[in-house]
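# Inside the fold
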Amino acid sequence: MHLKAVLLDLGGTLVGTPPQYDYETLLVQLHQSLLKNGVSVSYEGYKQAHIEIRDRVYAKNSLREVAFGLRICEALKRFGFSFQLSDSTITDATEAFMEPWIKARTMKKDAPSILSALTKGHKLAVVSNFSHTPTVWKTLERFNIGRFFDAVVVSVDVGWRKPSSRIFREALKRLNATASESVFVGDELDHDIEGAKKIGMLTVWLKTASASQVRQKVRPDQVIRELKELPKALKTLETSTSR
């Protein structure tokens, strides 16, 4: 069976995080932006509020996505400030955090050539767990790979993160493809592979040194170590499903 659509994770699959990446460095930039816009809060106080909210959002029992800017609004509310998501103070702080995040990304080896080759026989989509859609687009644009995708689906737009079936179904809807004729490629067994398999998609696990191996009970249909192995894995899947 010909695979109509190939859906790919972004972080860890197409782009990576360098070892020197430091979350606190980004928080410092965010805090400086707040101060510049007249929001007088201590760094340590804001940091504590921000991280408490982040950890609550990403608690294991919740797959609901919350916009990054709304987290800033909630954190500042603890200090007596009242902001809306669209306020310039919030958008400035969000960008102050995200710009160094984008600059810190590295592109996975062979990603452009592999994506280019895949476009010749498949519809492509990025499906990303992320709280700020412009950052996803800017990351794709930075590496000039956005042009390869027919759809870019971000959890904050859907309201739900992987492994929720909602984000996978939304991506398939945008590609006009069914689960049975589609494959998902990702580096996390619990978010990428488990979620895709639950709705009937085929799966390819990119098993890197840093790949999540939390749930070994999840069995991907194919396992690769590098993106350059993906075309061969897809051919194997197409052959096996044609029998």
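Placed above this text is the structure.
Residues numbered from 1 in each chain as written. Predicted model: local features only at pLDDT ≥ 70, side-chain atom pairs only at ≥ 80, totals over all residues. Heavy atoms only, no water.

## Section: the side chain of S128
The line we're drawing: Secondary structure follows DSSP: runs of H or I at least 4 residues long count as helices, runs of E at least 2 residues long count as strands, and numbering of each begins at the N terminus. Three labels apply to residues, based on accessible area from a 1.4 Å probe with only protein chains included: buried if under 20% of the type maximum, exposed if over 50%, partly exposed otherwise in between. Contacts are assigned to residue pairs with any non-hydrogen atoms lying within 4.5 Å of each other.
In this fold, S128 is placed in strand β4 (residues 123–128). Looking at S128, the relative accessible area reads 4%, which means it is buried. Those residues within four positions of S128 in sequence are excluded, and the remaining contacts are L10, V136, V153, V154, S155, K162 and I167.

## What about the pairing of strand β6 (residues 182–186)?
Applicable threshold: One bridge is not enough; two strands pair if DSSP finds at least two bridges between them. With its strands directed away from the observer, a crossover is right-handed exactly when the path from the first strand over the helix to the second travels clockwise.
Across the five residues of β6, five count as buried, placing the element largely inside the fold. Alignment of strand β1 (residues 5–8) against β6, held across four bridges, turns out to be parallel. From the neighbouring strand, L7 faces β6, where its bridge partner is F184. Both β6 and strand β7 (residues 202–206) contribute to a ladder of four bridges, which runs parallel. By the bridge assignment, G186 is partnered in β7 with W205. Taken together, β6, helix α9 (residues 189–198) and β7 constitute a β-α-β crossover, and its handedness is right-handed.

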